[in-house]
There are 2 protein chains.
Amino acid sequence: MIRYIISIYHDGSMDKHKQPSDWHTKVLAVLRKNSGAVSAYEVLGELRVFNPKIAPPTVYRALNALAERGEVHRLESMNAYVASRSLKHQHAPVLSICDDCGRVEEYLAPQVISALSDITGQTGFTSTRQVIELHGRCISCRDRVTS
Amino acid sequence: MIRYIISIYHDGSMDKHKQPSDWHTKVLAVLRKNSGAVSAYEVLGELRVFNPKIAPPTVYRALNALAERGEVHRLESMNAYVASRSLKHQHAPVLSICDDCGRVEEYLAPQVISALSDITGQTGFTSTRQVIELHGRCISCRDRVTS
DNA sequence: ACCTGTTATGATACGTTATATCATATCTAT
DNA sequence: ATAGATATGATATAACGTATCATAACAGGT
């Protein structure tokens, strides 16, 4: 759906402006509906319900912008995305991914980050981005299944 | 062709171990020529020099097998691969990736792993695979460039 | 209001990464 | 030898991501 805003100028003339359709908001909404990883193309599929003409670059632009602002996390080991739960971290989160149910949790783990800093301190590597992802089984899946 | 190696133990028992296929060896050789990340299709390109008919699944099978045996690391954040330097780790390595020169280093960091265990201990998540990748700038690139 | 440079969006096409599938070949055990 | 399991070859296609160019919106100076 595309909505228009009518601008009326001093001289009485009018002008239609396409409202910047806020894909960012809609992409984020799709991710928030999910407790697990969602691929860019799954997002695309959902958004096509409203606008069949939306193309991959639109989704990727939104995802990248949201990721830069910390509102979504990219799951590097799955090529997928998840909405941030606790906004605005001081540092990179640890993400746990349940390979059974797909649920993703994020943890603030200063001790992990500081242990990583120790390494980089010793080696001279200057880190600008940290990817920390754990695969395994969440507690509910472990309890639920006989293993 | 599959060849086997027979191990004979003190007690006289024997064990057969599958020997790596030719492709495994060749894929590994390509990765070892490089100090940085190599994509599966770059490997494919190099192997096509010897056998123009080699197809993607062959390369991916070799890469997956090598990764399972710890001989290569998959760089999840780059969709690429790198040869292990120190074989047979006790636990997942920390991989540092220089975004300038592409060089990848691997570190054993028990403190990082144990900090991660603390999290999983508290939350009940059982982790079977850890992905820990640092992006940034290595010390030589930092020294080399005016920043 | 007009020009101008910058940034965002739309649209098309294509590039890159990875796997499903099925056929064939090889090994192991009996 | 034959059967079951495993590995390999080959084709096709799925899934993920981006380059590029055109158009539109915006902000600042005049």
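Since the model is a prediction, treat every value here as computed from it, not as a measurement.

K.L.:
Can you explain the pairing of strand 3 (residues 72-75) of chain A? Please cite residues and give values.
P.N.:
In terms of strand pairing, strand 3 of chain A meets strand 4 (residues 80-83) of chain A through four bridges, oriented antiparallel. Looking at the pairing, Arg74(A) lines up with Tyr81(A) of strand 4 of chain A.

K.L.:
Quick rundown of helix 4 (residues 110-123) of chain B? Include the residues and the values.
P.N.:
With 14 residues, helix 4 of chain B should cover 20 Å at 1.5 Å per step; its first-to-last C-alpha distance of 20 Å lies within 8% of that length. Inspection of helix 4 of chain B places Val112(B), Ile113(B), Ala115(B), Leu116(B), Ile119(B) and Thr120(B) among the buried residues, and these make up the whole buried set. Down the axis, helix 4 of chain B shows its buried residues gathered within 160° of arc, on one side only. In this structure, helix 4 of chain B carries Gly121(B) and Gln122(B) as exposed residues pointing more than 90 degrees from its buried face. Those residues of helix 4 of chain B that are buried lie in contact with strand 5 (94-98), strand 6 (104-107), helix 4 (110-123) and strand 7 (126-137) of chain A together with strand 5 (94-98) and strand 7 (126-137) of chain B. Positive backbone phi, approximately 85°, marks Gly124(B), located one or two places after helix 4 of chain B.

K.L.:
An account of the packing of aromatic side chains is needed here, citing residue identities and associated values.
P.N.:
Residues and elements named next belong to chain A. In total, this model carries two aromatic pairs over all chains according to the counting rule given. Here tyrosine 41 and tyrosine 60 contribute two aromatic rings whose centre-to-centre distance is 6.4 Å and whose plane-to-plane angle is 65°, an arrangement assigned as edge-to-face. Taken as a pair, tyrosine 41 in helix 2 (residues 40-48) and tyrosine 60 in helix 3 (residues 56-68) lie far apart in primary sequence, 19 residues in all. The class of tyrosine 60 is partly exposed, set by a relative accessible area of 32%.

K.L.:
Got a sec to walk through the interface of chain B and chain A? Specific residues and values, please.
P.N.:
Contacts between the two partners involve 34 residues from chain B, matched on the other side by 34 residues from chain A. Where chain B touches chain A, the interface holds zero salt bridges. At the boundary of chain B and chain A, one finds 14 residue pairs in polar contact (both at pLDDT 80 or more). Listed by contribution, the elements that provide at least two residues to the side of chain B that touches chain A are strand 5, helix 4, strand 7 and helix 5 (139-144) of chain B. The biggest single contributor to the side of chain B that touches chain A is strand 7 of chain B, with 12 residues. Looking at the side of chain B that touches chain A, its residues break down into 15 nonpolar, 13 polar and six charged. Relative to strand 7 of chain B, strand 7 of chain A runs antiparallel, the two sharing 11 bridges. From the neighbouring strand, Leu134(A) faces strand 7 of chain B, where its bridge partner is Gln130(B).

K.L.:
Would you mind going over the relation of the copies chain B and chain A in detail, with residue names and values included?
P.N.:
With an RMSD of 0.1 Å, chain B superimposes on chain A once it is rotated by 180° and translated 0.0 Å along the axis. Look at the turn and shift together and you get a two-fold axis relating the two. Every residue of chain B has its C-alpha some distance from the rotation axis, and the shortest such distance is that of Ile132(B), at 2.3 Å. By residue overlap, the copies meet face to face through one surface: 100% of the interface positions of chain B are interface positions in chain A.

K.L.:
Give a description of the environment of Pro57(B) that names residues and reports values.
P.N.:
If you trace the backbone, Pro57(B) turns up in helix 3 (residues 56-68). Along the backbone, Pro57(B) and Leu44(B) are 13 residues apart, and their C-alpha atoms lie at a distance of 9.8 Å.

K.L.:
An account of the packing of helix 4 of chain A against helix 4 of chain B is requested, with residue identities and associated values reported.
P.N.:
Between helix 4 of chain A and helix 4 of chain B, whose axes approach to 9 Å, the crossing angle comes to 175°. If you check the angle between helix 4 of chain A and helix 4 of chain B, you find them roughly antiparallel. Along its contact with helix 4 of chain A, which presents Gln111(A), Val112(A), Ala115(A), Leu116(A) and Ile119(A), the element helix 4 of chain B presents Gln111(B), Val112(B), Ala115(B), Leu116(B) and Ile119(B).

Reading the values: the criteria
Residues numbered from 1 in each chain as written. Chains lettered and ligands numbered in written order. Predicted model: local features only at pLDDT ≥ 70, side-chain atom pairs only at ≥ 80, totals over all residues. Heavy atoms only, no water. Pairing = 2+ DSSP bridges. Helix = DSSP H or I, 4+ residues; strand = E, 2+ residues; numbered from the N terminus. Expected span 1.5 Å × (residues − 1). Buried < 20%, exposed > 50% of the residue type's maximum accessible area, 1.4 Å probe, protein only. Arc of directions from axis to C-beta. Contact = heavy atoms within 4.5 Å. Phe/Tyr/Trp six-rings, centres within 6.5 Å; stacked < 30°, edge-to-face > 60°. Salt bridge = Lys/Arg side-chain N within 4 Å of Asp/Glu carboxyl O. Polar contact = N/O pair within 3.5 Å; in protein donor to acceptor, adjacent residues only side chain to side chain. Nonpolar A, V, L, I, M, F, W, Y, C, P; charged D, E, K, R; others polar. Least-squares fit on C-alpha atoms with pLDDT ≥ 70 in both. Axes fitted to C-alpha atoms, helices over the stretch in contact; angles between N-to-C directions. Parallel < 35°, antiparallel > 145°, perpendicular 65-115°, else oblique.

Read these as layout, nothing more, since geometry by itself doesn't imply function.
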